[in-house]
Structure formats: structure tokens, C-alpha cells
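A look at the structure
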Amino acid sequence: MSPDGPLHRLDARVKLIAAVGFVVAVVALRPGSWRLLGGLAAILAVIVAASGVSPMRLLTRWLGFAVVVGFLAALTSRSLAERTGLSPALVVADLLARNSLAIVMMMVLAHVTPWTKLLGAMRRLGLPAALATTLAFMYRYLFVLRDELDRMTTARRARSFRRTGLSFGTLAGLIAALLSRALEREERVFEAMTARGWDGTLRTLDD
Amino acid sequence: MATNDADPAPAVRLGGLTYDYPDGRRALDGVDLAIASGESTALVGPNGAGKSTLLLHLNGLLPGRRKWGRSNPSVWIDGLDVARNAAAVRRKVGLLFQDPDDQLFSTSVLEDVAFGPLNLGLGKADARRVALECLARVDLEHAAERPPHHLSFGERKRVCLAGVLACEPSVLVLDEPTANLDPRARRRFLALIASLPVTKLIATHDLEMVLEICPRTVLLDAGRIVADGPSREILDDGPLLEAHGLEKPLSLALSSLDRPHCTFRDFVNGKDE
Amino acid sequence: MHIPDVLINPGPSIATTAVGAAGLAYALRRVEERHGPRATSLMGMSAAFVFAAQMVNFPVGPGVSGHLLGGVLSAVILGPWAGAVVIAAVLIVQCLLFQDGGVTALGANFVNMGLIGAVGGYAIYGPIRRALGGRRGILIGSMIAAWFSVLLAAGAFTIELAAGAGREDFFRVLSWMALVHAAIGVGEALITGLVVRVVLLTRPELIEHEGEGRDEADRPFARAPGWASTIVAGLGVALGVAVFASPFAWDRPDGLEFVGERLGFLPEPEAPPILAAPMADYQAPVPPGLGVVDEVKLATAAAGLVGTLVVFALAWTMSRVFVAGDSRPDGVMVDVA
């Protein structure tokens, strides 16, 4: 992650609106508008180049989604083919292409905008404060809980003398233990927040 | 409670503090304690003695908590009844939690340090200034914009301290401040704590630290105070410490090695008297 | 399963975004009323938990694994509206940070997994829990609710995906969705049940809320154990069954055409002559490998039937732990550190 491209420095609100606008345009495009699609793809290519995100990374992540999207596109392609007069194969190609543009755009947005900046932008654009605060809090503890889960899994593995993975019961036990630890931690965090004057309204330095 | 000018109210006073856990177990059983302004006191005792529970009471955090445990209102900070003045008391008492991840919930270090000042009603500019000052005091102003989960444990601990100091407390309550710190981080953190001119109550198992920065020690076990006095005396009392799941600090134990009737075997077994 | 961008048409996308936003606003208000200043940390931590729990992979077969979705689990622990808020937070982070689920499908995904999954799931869980009582009721209720919540979400998914498309697409999507989600639903019921069981054995107060509970005032279906919740639950179950039974109605286009028009997934009355020879149409290998209609139809129905039986049997077997006075039996693995 390079924190220094021209796109990194842009106001997060501008980036968010532009990216979502791009996705909406792609979604609203009539199937078979190949020329417009090509234009949007060219714009996206310029943005990808400017963002400095590695194309290999985009490709590998995109591949993971393409399978599911292709399956769903194949399922819904028939009537769309009949209505638009395109062949079903072309309809699938069109859905896949448009979806790829949307996904790549969102990947680039996530790459050039740190989550906190994105969250601040959403809040200033009207996301309810309660939700924004919850999202910030969630993001903060995602890593803590993931590490906790890793430690518990390792401890379990160390005592499980089987070649195969952990059993369903053990895995469910891990989740239950994680749940109870998460709620205990929530209690302590809430106490720490209250100790510093928390009353339910988040006051932040920016905006 | 009546106070006269000659004898100002103690910074912290507990009068017969009793608290039951939600499941009915007794956590604190009639604890009486007074800590004078500016005093540094250690709170020691085995796991489950009630140390953390006691600390949470100093901030009014426990009695109202989910209305589970029952507790009598018997904590005063600077003469203020905690149960009735929770908001005012929270301005006076700064609580440092053991696990920095319990305390650092914001997405950036600066935001987290500014959290308390903003809640106390400071404007954004003032809160930012205070936060940066406090970060400078713990030597972390360069980390202001970073997310807390990218910092080391010791750094996170210092950010927590900055966040507490930003509220300008007159009483600092620390829960295991040195736990999980490597020796250099511990040393650094101790120096920081020792340099703060406020009333301190420190719950800990780190008895070497107690010898270093707390002139007074309170020994708590099973919710009762079993000893209260000068740290050197209490921490030199092997049988007392052992009876309550503690161990004489190495520095004191080593000095007792000089005594002629104490063999090395006795020393290893902890029977040095 | 998250709906990606583009696959959902603009019409249903706008509609579900509106419904989702309204539902989320209501859920947020309910949660704030209930939890006050605690709402942020409770919702945020629970969302982080659900996100982390979804990373635990349950091995199903070679190269295949499943994971918890968590809608019913969060509703059982936190109450229905808090459960919906938690799912919303998870979906937003997944969408914006991991591109899992489209931006324009965020509303639809929340409707499916938050409103239908968590709130709807709780509507099924509540009556079963009360009818059976005790920890047994909690366990069986949460497992059956988990099963139906996945099916209902799959049904809603299908409607959203195929809305604006043709009728025959609708049923093709429905069959496949139902087939796939029958497996996912059994997995969700099993994992939810296993987790709930361990929680009941180790930290029962997290669910039972003895005395002062988390969701005492937050149970829309707690007040009247009578007709209201029974109807909601009945509707839920009926819908779930319909998901599997409906492929059989495929052969009788008249009744469904009416439904189709009402729901708006028949674009224009004089649509291409798909009614002339529907079966011939479907047999055409349009998407290679997906045209074998009768087999899919039968498999769907069979999966629904088998899945329902399996979930009920599993729930009953696992709940036997709690029959004898709800006490902790020997030999049950609860020693997770």
C-alpha cells in the first residue's frame, strides 16, 4: 500500500461519490451498449493506472467473484436475451463485463481510501452517526477478535492430535468461546469509554 | 460528611464498601480505605481478590452496571459521593485498564486521546491541542494519525495513558500497568507514571514496581483488606505474603540472603526467616 | 450469499434500498432506545464477532467448506432489531472493504439477511422457544429458525434477482437457489445449534437473560404468545415450504402468471411466446449444464424435504442434552479455552 498517489490525496467524499456514481452508471447501462461500456472501461483503466494498485491483485480477487457472478448471470440470462435480442452468451458476457467494472472500481476505491476516511466521508454525506460509530468500532475490534480467534485455534490445534482439521463441535466451540470473550470485552470497553465521559454521542476531531 | 479546613477530605475514601457479583458471590466485603491527596498506593493481592472490582467502583462504574450486583454507595472522591456525582467524579478519576485494546476503541490514536477532552466539553481545536500535548508527554506524537492496532503493545499502553491524562484527572487509577510489557517498555512506563504528580492507586502483581514507586501498600484478599502499611514492611513479611498467594520481591529476598541463618535452600523455598 | 452489482435490476435495486434503509433506520432507533449509550459498543463488538465467526471454515468435503452466516445467532443473543443492525454493519464492511456484495445490491442483501434473516428468523425462533420452553426450546427454536431464515433469504434473493426478468428465469433461479441453500441452510442450522448449545452449557446467561436481560423490551414477538406470533411463524414456515414446493407449480403457468404479474416480474403482457412450449425451452442447453430442468426440480424438492427432516432430527438429537433438568451432562465438550 503506497499512501502517496494522486488518488490517495483526493477528498474521500469525492472518491466515494465518483466510485458509486460509476457503479450506478454501469448498472443502469442497457445490455449490449458495447461502445459506452468500452468508454467506461477506458476511464476505469486510467483510474487503475493512477491508483497504483497492482493489476495482478485485482485480477486474482476478480477471479474469485467471476465464478459466482458467471453462474448467476447464466441463470438469469434467458429472458434478458429474449428481450434484448442478444444471444444468451452475449448477455452473460455483458453482465460479467459490467459487474467486473463495478467490482474493480470498488476495489480501487478501497485501495486508495483508508477505511476511516471513507467512514468520515459517509458520515458527512448523511450516514446516521449511530451507524457510522458502530462501523468504526466494529472495524477497530475486527482485528482484535481475529487475533483472538487465531490464538484459540492454534491452542486447539496444539491439543488436537489428528491429521485432519478440527471437528464441527470444536469449531463451534471456538465460535462460542469467541462470542463470550467478545461480549466480555465489550463490557470492559464500555466501562473504559464511560470512564472517559462517554454518553452515547460520538464527538470527533474532524468535520 | 463533614470536613474541616485543617483536615481536607482524602482524595479517595471507601467506607465499608461491599459488592456482590451477579451470581451472588461476595467480591468486596466491607472495605475501608482512605488515600490522601498526592499519595501513591499499591493494591496487591491474589487473582480474584477483588482488586479490579474495587478499582471500577472508584469511577462509579460498578453500582449502576446492569443493576446486577448489589453495592452500597460508600465511595467518596475528594469528598464527593460517587453514587450521586458520577459525572463529576469521572472528571477527577482517570482509569487505566489492563488491556490497552479495552481502552483504545477509536480508529486513530489522536482521536482516541481526544475522546475524553471532547466528552468533557472542549472545542475541537482545544481538544486537539490537549491530545497532542499528552501524546508528546508519552513520546508518541509521531503516531498521532496511525490506527491503534498498528502499534506495539507498549505503545498502545502509552496511548491509553495519554488518553487518561488528557482528561486531567487528580486521581490516577491503574490496573496492572506493567503487565505484558517487555523490560524496556516497563521501565519507560514506570518512569512516566512516577513522574506524574497526582494521587495514584495501582493494582498490580509487580511487587518490584511497588517497592519502586509506591510508599504504601494495601493487601486485599477475598474482598477484605488484610494489611495496610508501608510497602517495605508489608512486602518484607514473607509469611503474610505467602498466606495470600504472593511472593516476596526478589530484591528484598536477596537482601535477606545476607542474614547468617538463612541458607540458599531456604531462600529458594521462600522460607527465609 | 451476497447479490453482486449489475445482476439485480435497477427497479428492485431501488425498491430494496428504500425498504432496507427504512428497516435499518427503525432497527437503529429500537436499539438506541433499548441500549442507550451502550448501543455503539454492543453493536460494534457483535458485528466484529459475526465477521470473525464467518471466517471459521467448517470442512464439508474435499475442497468445500461452509461458514456461519450468523443472522439468527445474533438475533437469539441480542434480540431481532439489534441482530439486524449487526448484520447491516457486517454487510457494509464486506461490501465496501472486500467488494463482497454490490453497492447497488446492499439494500437487497440487507433485506435478505438482516430483515428476513435476523428479524424474520427471530419471528420463527420466538414461538418455538416459548412453545417448547427451557433450553431445549432455545436450541430447537434457533436451529429451525436458522434453517428457515436461509431458505427465506434464498427466496427473497430469487425474487430480487429475477424481478424484471422472465417467469421461466424466476423458476430456474429459484430451483438452483433452493438447491444450493438447502445445503447452506442445513449447515447454518447445524453450526448455529452447535454454538448455541455450547453457549447454553457455558454462559447460559448470554441467552437466557435471567432478570435484567439484553433484550427484555426488545422482543416484538414476546408479548402475545398467542395468535400474532403464531401467524408470523406459520407464514414464515409456509413461505419456506413454498420455496421448495413452487418448482412443481412450474407446469401450471396460469396461476403463476397471475402471481408473476402482481410481483412485477413479467415485463409486458405480450412477452415472447414462452408459454407455447415451456418445457422445450428449458431443455435447450442455454447455459451449458443448467438446462436439465426436471432433475433440478426433483432435486430441489427432495433437498427441501430431506433438509427439513435433517434439521428437525438434528435439533431434536442435540436438544436431548437439555432434557434432564437442563443440567450439564458428562462427556459434552465444553472445555474450549
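Residues numbered from 1 in each chain as written. Chains lettered and ligands numbered in written order. Predicted model: local features only at pLDDT ≥ 70, side-chain atom pairs only at ≥ 80, totals over all residues. Heavy atoms only, no water.

1. Considerations on the overall build of chain A
Quick note on the threshold: Note on conventions: DSSP H or I runs of at least 4 residues are helices, E runs of at least 2 residues are strands, and numbering of each starts at the N terminus. Residue contacts are defined here by distance: any two heavy atoms, one from each residue, within 4.5 Å place the two residues in contact. Using a 1.4 Å probe, accessible areas were evaluated by the Shrake-Rupley method; residue-level cover was limited to the displayed protein chains. Counting rule applied: Lys, Arg positive; Asp, Glu negative; His and chain ends not counted. All charge positions are set by atom: Lys at NZ, Arg at CZ, Asp at CG, Glu at CD.
A tally of regular secondary structure across chain A gives eight helices and zero strands. From first element to last, N terminus to C terminus, chain A shows the α and β order α-α-α-α-α-α-α-α. Considering only contacts in chain A between residues 6 or more positions apart, those separated by 24 or more positions represent 70%. For chain A, the exposed surface amounts to about 9,100 Å²; the carbon and sulfur share of it is 64%. Separation between the mean location of the 26 positive side-chain charges and that of the 14 negative ones in chain A comes to 8 Å.

2. Description of the overall build of chain B
Selection rule: Buried means the residue's accessible area, taken with a 1.4 Å probe over protein chains only, is under 20% of the maximum for its type, while exposed means over 50%, and partly exposed covers the values in between.
Looking only at helices and strands, chain B features 12 helices and 10 strands. When each of the 273 residues of chain B is scored for burial, the buried share is 54%. The long-range share in chain B, meaning contacts at least 24 apart out of those at least 6 apart in sequence, stands at 62%. Carbon together with sulfur atoms contributes 50% to the accessible area of chain B, which is approximately 12,000 Å² in total.

3. Regarding the packing of helix H6 (residues 115–124) of chain A against helix H7 (residues 129–159) of chain A
Residue and element names in this part refer to chain A. Filter applied, for reference: Note on method: axes are straight lines fitted to C-alpha atoms, helices fitted across the in-contact stretch only, with angles between N-to-C directions ranging 0 to 180 degrees. Note that the term roughly parallel is reserved for angles under 35 degrees, roughly antiparallel for angles over 145, roughly perpendicular for angles of 65 to 115, and oblique for everything else. Residues are grouped as follows: nonpolar covers Ala, Val, Leu, Ile, Met, Phe, Trp, Tyr, Cys and Pro; charged covers Asp, Glu, Lys and Arg; every other residue, Gly included, is treated as polar.
One way to put it is that H6 packs onto H7 with a least axis distance of 10 Å and a crossing angle of 175°. The angle between the axes of H6 and H7 places the two elements in the roughly antiparallel class. In this structure, H6 uses Trp115, Leu119 and Arg123 to contact H7, whose residues at the interface are Ala129, Ala132, Leu135, Ala136 and Tyr139. Residues of the contact of H6 with H7, tallied by class, amount to seven nonpolar, no polar and one charged.

4. Examining the interface of chain C and chain A
Short version of the rule: Buried area counts how much accessible surface, traced with a 1.4 Å probe, disappears from two parts once they are put together, with both parts' losses summed. Just to be clear on terms, a salt bridge is a Lys or Arg side-chain nitrogen sitting within 4 Å of an Asp or Glu carboxyl oxygen. Under this definition, polar contacts are N or O atom pairs within 3.5 Å; protein pairs additionally need one hydrogen-donor-capable and one acceptor-capable atom, and for neighbouring residues in sequence, both atoms have to be side-chain atoms.
Facing 74 residues of chain C, the contacting portion of chain A comprises 77 residues. At the boundary of chain C with chain A, total buried surface from both sides reaches about 6,800 Å², with 78% on carbon and sulfur atoms. Ranking the residues of chain C by area buried against chain A places C:Val6, C:Met45 and C:Gln99 at the top, with a combined share of 11%. Across the contact surface, chain C and chain A share two salt bridges. Residues C:Arg38 and A:Glu186 are paired through a salt bridge, measuring 2.8 Å at the closest nitrogen-oxygen approach. At the surface where chain C touches chain A, the tally comes to nine residue pairs in polar contact (both at pLDDT 80 or more). At the level of elements, helix H1 (10–35), helix H2 (39–53), strand S1 (58–61), helix H4 (80–98), helix H6 (134–162) and helix H7 (167–202) of chain C are the ones that each hand at least two residues to the side of chain C that touches chain A.

5. Re the side chain of A:Thr194
As for its placement among the helices and strands, A:Thr194 is situated in helix H8 (residues 168–195). Of note is the side chain of A:Thr194, whose polar atom sits 2.7 Å from the backbone oxygen of A:Phe190. The contacts of A:Thr194, once residues within four sequence positions are left out, are B:Leu61 and B:Arg90.

6. Points about H6(A)
The periodicity of an α-helix, 3.6 residues per turn, causes residues three or four positions apart to be oriented the same way. Inspection of H6(A) places A:Trp115, A:Leu118, A:Leu119, A:Gly120, A:Ala121 and A:Met122 among the buried residues, and these make up the whole buried set. Positive backbone phi, at 110°, marks A:Gly126, one or two positions downstream of H6(A).

7. Points about the sheet that holds strand S3 (residues 40–44) of chain B
Residues and elements named next belong to chain B. Which entries qualify depends on this criterion: Any two strands with at least two DSSP bridges between them are considered paired.
Spatial strand order, S6-S7-S8-S3-S9-S10: six strands in an open sheet with mixed pairing. Single-partner strands in this sheet number two, and they are strand S6 (93–96) and strand S10 (224–230). Neighbour to neighbour, the strand axes of the sheet diverge by 15° on average, direction disregarded.

8. Details of the interface of chain B and chain A
With 33 residues of chain B at the interface, the matching set in chain A holds 27 residues. Contact between chain B and chain A buries roughly 2,800 Å² in total, counting both sides, with carbon and sulfur atoms accounting for 55%. Viewed at the interface, chain A and chain B are joined by five salt bridges. For the pair chain B and chain A, the interface holds 13 residue pairs in polar contact (both at pLDDT 80 or more). When contributions to the side of chain B that touches chain A are tallied by element, the ones reaching two or more residues are S6, helix H3 (100–103), helix H4 (109–119) and helix H5 (124–137) of chain B. It is H4(B) that provides the largest number of residues to the side of chain B that touches chain A, a total of nine residues.

9. Examining the domain arrangement of chain B
Residues and elements named next belong to chain B. The condition that has to hold: Where each domain begins and ends is defined by an automated method or by a domain database.
Domain annotation of chain B identifies domain 1 (12–235) and domain 2 (236–273). Each partner contributes to the roughly 1,100 Å² buried at the junction of domain 1 and domain 2, and carbon and sulfur atoms together form 65% of this total. Considering only the side of domain 1, the residues that lose the most area to domain 2 are Leu207, Glu208 and Leu235, jointly responsible for 38% of the buried surface there. The interface formed by domain 1 and domain 2 contains zero salt bridges. The interface formed by domain 1 and domain 2 holds eight residue pairs in polar contact (both at pLDDT 80 or more) in total. Among the secondary structure elements, those contributing two or more residues to the side of domain 1 that touches domain 2 are helix H8 (207–213), strand S9 (216–221), S10 and helix H9 (231–235). No other element matches the four residues that H9 contributes to the side of domain 1 that touches domain 2. Of the residues in the side of domain 1 that touches domain 2, the class split is nine nonpolar, one polar and four charged.

10. Overview of a nonpolar patch on the surface
The test is simple: Patch membership requires more than 30% relative accessible area and the absence of a salt bridge. Residues of like charge join within 9 Å; the nonpolar side chains Val, Leu, Ile, Met, Phe, Trp and Tyr join within 5 Å.
A contiguous nonpolar patch, built from C:Leu305, C:Val306, C:Leu309 and C:Val310 and spanning about 370 Å² of accessible area, is present on the exposed surface. Positionally, C:Val306 belongs in helix H12 (residues 293–319).

11. Side note on the packing of H1(C) against H2(C)
All names here are of chain C. Contact pair H1 / H2: the axes reach a minimum separation of 9 Å and the direction vectors enclose 120°. One finds that H1 runs oblique with respect to H2. Only Ala39, Leu42 and Met43 of H2 make contact with H1, whose side of the interface consists of Val31, Glu32 and His35. Considered class by class, the residues forming the contact of H1 with H2 number four nonpolar, one polar and one charged.

12. A short note on the side chain of A:Asn99
Along the chain, A:Asn99 turns up in helix H5 (residues 88–112). Polar side-chain contacts of A:Asn99 include one of 2.8 Å to the backbone oxygen of C:Asp5. Residues within four places of A:Asn99 in sequence aside, it is in contact with A:Val69, C:Pro4, C:Asp5 and C:Val6.

13. Brief notes about the sheet that holds strand S1 (residues 12–20) of chain B
Residue and element names in this part refer to chain B. One open sheet accounts for four strands, arranged S2-S1-S4-S5; its pairing is antiparallel. The open sheet terminates on both sides in strands that have one partner only, identified here as strand S2 (26–35) and strand S5 (80–81). Direction of pairing for strand S4 (residues 75–77) relative to S5: antiparallel, over a ladder of two bridges. Its bridge partner being in S5, Ile77 is matched across the sheet by Leu80.

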